[in-house]
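Residues per chain, in single letters:
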Amino acid sequence: MVAIKADAYGHGYLKAANALADADALAVASYEEAAQLRFAGERRPVVVLGGILDLQEARGAAEQRLQIVMHDYSQLDVLAELEPALALDVWVKVDSGMHRLGFAPADLDEVEQRLAARPNIRLLGWMTHLACADDLQNDFTRKQLTVFEQATAGRPGDRSIANSAGIVAWPESHADWVRPGIMLYGSAPIIDHWPADFDLQPVMTLQSKLIAVHEIKAGESIGYGQTWTCPEAMPVGVVGIGYGDGYPRHAPNGTPVWVGGTTVPMVGRVSMDMICVDLRGSPQARVGDTVELWGANVEADRVARAAGTISYELFCRLTGRVEFIYESE
Ligand SMILES: Cc1ncc(COP(=O)(O)O)c(C=O)c1O
């Protein structure tokens, strides 16, 4: 069950859905995202992780044969109003400790009974989400697995627990359906690890070009706020990308950028349309040269860590100004 919510983590949901031709099901966050997939002709099972909000969405979900994740009593009330002629497939989300979405283990008897009382509702299985699976040192994952196992023991249906981190690090979380997200896009799902540790390759390459190269004197500062000063006379490149494109404004001095076959450090603040780079390590670089902000040479995870965020956010935050080019279709 592949997570292609949020426009496939910023990669383009239709392209991702097509590329993931072997996936048995597609998982999205909302009814709207699921309806877009169906509108585009997607025929595989589509799981709506956030479930339905009202009767209109429940009817739409039934008509479009979506699988709905039930996580709140308000959704059971909505199902009670659904016309008996409309059949709906549902998963039940169990709160095993993350305390975001899901029914408390103590509520599952009642939930199961209420669903069983509706012949038009088919219970597919039980789902939970891991809060700390990316942290190998954190025992909370084992606690969540125990809570989930005990809460669902003897109940009919499939089980789904693992996100990417669960898949690579917690085999006991694999169950019937895994739900990979970030690993599909080539980022490392575990803290302090890199994509190569899991044989993952980046799907997205973010590139721009050098739009200027200057020789700057020692002691001169670069960019807004004078946050970086040249320690010697040196070449400084200007790259045509900035926070207006989704490059993280909080990326600090030293954030890696790939220019002319080498990683060089970013210097000065990220502007809306530009960043500057220290070209001492790439003196042959010229205006028009391709620059990689993240991809095969600079892992998005590295940029994310420098900027105090995660690759998920970098991917999702690219703006409409970035042109997407798809290869190997
Ligand atoms: C319920 C659920 N399952 C699976 C995933 C996929 O997680 P990841 O991208 O960490 O693999 C997510 C993403 O946040 C999620 O919310």
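Everything discussed here concerns the structure shown above.
The paragraphs below set out a description of the structure included in this document. This one's a predicted model, so the numbers in the text were calculated from it and none came from an experiment.

1. Section: helix α6 (residues 108–116)
Side chains that are three or four residues apart share a direction in an α-helix, a result of its 3.6 residues per turn. All buried positions along α6 are accounted for by Leu108, Val111, Glu112 and Leu115. With its buried residues spanning 95° around the axis, α6 presents them on a single face. As for α6, its buried residues are in contact with α5 (73–81), β5 (88–93), β6 (121–127) and α7 (140–152).

2. Focus on the layout of surface pockets
In this structure, the largest pocket spans a volume of roughly 1100 Å³. What lines the largest pocket is a set of 34 residues, among which Val203, Met204, Thr205, Ile325 and Tyr326 lie closest to the centre. When residues of the lining of the largest pocket are traced back to their parent elements, those giving at least two are α2 (13–19) and β8 (206–216). Two domains each donate at least three residues to the lining of the largest pocket, and these are domain 1 (2–189) and domain 2 (206–316). The computed volume of the second largest pocket comes to approximately 830 Å³. Going through the elements one at a time, α1 (5–10), α8 (164–169), α9 (300–306) and α10 (311–316) are the ones with two or more residues in the lining of the second largest pocket. Ranked by the residues each element gives to the lining of the second largest pocket, the list is headed by α9, at three residues.

3. Things to note about the nonpolar core
Membership of the largest hydrophobic core comes to 79 residues, with the highest contact counts inside it found for Ile4, Tyr247, Val257 and Trp294. For this core, the two domains that each supply at least three residues are domain 1 (2–189) and domain 2 (206–316). Ignoring anything within four residues of it in the chain, the contact list for Val257 reads Tyr247, Thr262, Thr263, Val264, Met266, Ile275, Val277, Val291, Glu292, Leu293 and Val298. The next biggest cluster of nonpolar side chains, apart from the first, holds 10 residues, and it includes Cys230, Val236, Val238 and Val267.

4. With respect to the sheet that holds β5
On the basis of which strands lie adjacent, the open sheet formed by seven strands has the order β1-β2-β3-β4-β5-β6-β7 and parallel pairing. On the outer flanks of this sheet lie β1 (2–3) and β7 (158–160), each paired with one strand and no other. Note: strand β3 (residues 46–48) against strand β4 (residues 67–70), two bridges, orientation parallel. Of the residues in β4, the one forming a bridge with Val48 is Ile68. Along the sheet, α5 contacts β4, β5 and β6; its crossing angle with β4, the most-contacted strand, is approximately 135°.

5. Here we look at the pattern of salt bridges
Applying the stated criterion across every chain, the model contains 16 salt bridges. Between Arg122 and Asp89 there is a salt bridge whose closest N-O contact spans 2.9 Å. Of this pair, Arg122 sits in strand β6 while Asp89 sits in strand β5, and the two are 33 residues apart along the sequence. With a closest N to O distance of 3.8 Å, Arg114 and Glu110 form a salt bridge. Taken together, the residues span about one helical turn, with Arg114 and Glu110 both in helix α6 at a distance of four residues.

6. Considering empty space enclosed by the protein
For the coordinates displayed, the defined rule picks out one cavity of 30 Å³ or more. Roughly 50 Å³ of volume is contained in the largest cavity. Every residue along the wall of the largest cavity is listed here: Lys93, Val94, Asp95, Ser96, Gly97, Met98, His99, Arg100, Leu101, Thr128, His129 and Gln144. When grouped by side-chain class, the residues that make up the lining of the largest cavity number three nonpolar, six polar and three charged.

Criteria and thresholds
Residues numbered from 1 in each chain as written. Predicted model: local features only at pLDDT ≥ 70, side-chain atom pairs only at ≥ 80, totals over all residues. Heavy atoms only, no water. Buried < 20%, exposed > 50% of the residue type's maximum accessible area, 1.4 Å probe, protein only. Helix = DSSP H or I, 4+ residues; strand = E, 2+ residues; numbered from the N terminus. Arc of directions from axis to C-beta. Contact = heavy atoms within 4.5 Å. 1 Å grid on protein atoms, 1.4 Å probe; cavity = no way out; pocket = protein on both sides within 12 Å on 5 of 7 lines; lining within 4 Å. Points joined across faces, edges and corners; volume = space filled by probe spheres on them. Domains from an automatic or database assignment. Core = buried A, V, L, I, M, F, W, Y, C linked by side-chain atoms within 4.5 Å. Pairing = 2+ DSSP bridges. Axes fitted to C-alpha atoms, helices over the stretch in contact; angles between N-to-C directions. Salt bridge = Lys/Arg side-chain N within 4 Å of Asp/Glu carboxyl O. Nonpolar A, V, L, I, M, F, W, Y, C, P; charged D, E, K, R; others polar.

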